[in-house]
Amino acid sequence: MSTQECVFCKIAKKQLPAQIVYENKDFIAFLDINPVSKGHTLVIPKKHVTDFAGLVEEDKEFVYNYLLAVEETRKVLEKKYKPYGIRIGINTGSLIEVHHLHTHLVPVYK
Ligand SMILES: [Zn+2]
């Protein structure tokens, strides 16, 4: 899939609507359109990065900043939804539906 067709790139460029939860210069978080729980959110880099599996040593600053964006998003969800906890996950391999790196934040309720 080319970057131009990538649905997450389109969301990052605001060419497709999404319910944005958190955003900074390099990352954007938005509600999953098929949520497994209330507040299920995806955090993505605005630049097209295909897969977690391809990350290398040189990407460490990117990974660090990505984790900070995930943490900022977690705080927003914590405050808004008051969940029991939040499960944070990255799929790899055939579990991936959209091949643009994304981290799931899934609020868990009692
Ligand atoms: Zn993309």
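Since the structure is predicted, the reported quantities are computational estimates derived from the model, not experimental observations. (Residues numbered from 1 in each chain as written. Predicted model: local features only at pLDDT ≥ 70, side-chain atom pairs only at ≥ 80, totals over all residues. Heavy atoms only, no water.)

**Q** Could you clarify how one ought to interpret the nonpolar core in this entry?
**A** When a protein is soluble and globular, its nonpolar side chains tend to lie buried together. In terms of nonpolar packing, the biggest core is built from 14 residues, with Val43, Tyr66 and Leu105 touching the most fellow members. At the level of elements, β2 (27-31) and α2 (60-81) are the ones that each hand at least two residues to this core. Ranked by residues supplied to this core, first place goes to α2 with six residues. Aside from chain neighbours lying at most four places away, what touches valine 43 is Ile28, Ala29, Tyr66, Ala69, Val70, Thr73, Leu101, His102, Thr103 and Leu105. Counting 10 residues, the second largest nonpolar core, distinct from the first, contains Cys6, Phe8, Ile28 and Ile44. (Core = buried A, V, L, I, M, F, W, Y, C linked by side-chain atoms within 4.5 Å. Buried < 20%, exposed > 50% of the residue type's maximum accessible area, 1.4 Å probe, protein only. Helix = DSSP H or I, 4+ residues; strand = E, 2+ residues; numbered from the N terminus. Contact = heavy atoms within 4.5 Å.)

**Q** Where do I start with empty space enclosed by the protein in this structure?
**A** Empty space among the atoms can be located by rolling a probe the size of a water molecule over them. Inspection of the entire model under this criterion finds one cavity of 30 Å³ or more. Its volume calculated, the largest cavity comes out at about 60 Å³. (1 Å grid on protein atoms, 1.4 Å probe; cavity = no way out; pocket = protein on both sides within 12 Å on 5 of 7 lines; lining within 4 Å. Points joined across faces, edges and corners; volume = space filled by probe spheres on them.)

**Q** What exactly am I supposed to notice about the coordination of the zinc ion here?
**A** Around a metal, the idealised angle for a tetrahedral arrangement of four donor atoms is 109.5 degrees; for an octahedral arrangement of six donor atoms it is 90 or 180 degrees. Donor atoms from the polypeptide that coordinate the zinc ion comprise Cys6 (SG), Cys9 (SG), His48 (ND1) and His100 (ND1), at 2.0 to 2.3 Å from the metal. Note that the zinc ion binds four donor atoms; their angles at the metal cover 103 to 116°, and the shape is tetrahedral. Mapped onto the sequence, the residues coordinating the zinc ion show the spacing C-x2-C-x38-H-x51-H. Of this pair, cysteine 9 sits in helix α1 (residues 7-12) while histidine 100 sits in the loop between β4 (85-89) and β5 (103-108), and the two are 91 residues apart along the sequence. Given the relative accessible area of 5%, cysteine 9 is considered buried. (Donors = N, O, S within 2.8 Å, 3.2 Å for Na, K, Ca; no water. Tetrahedral: all angles 85-135°; square planar, octahedral: opposite > 155°, others 65-115°.)

By themselves, these observations are geometric and do not establish any function.
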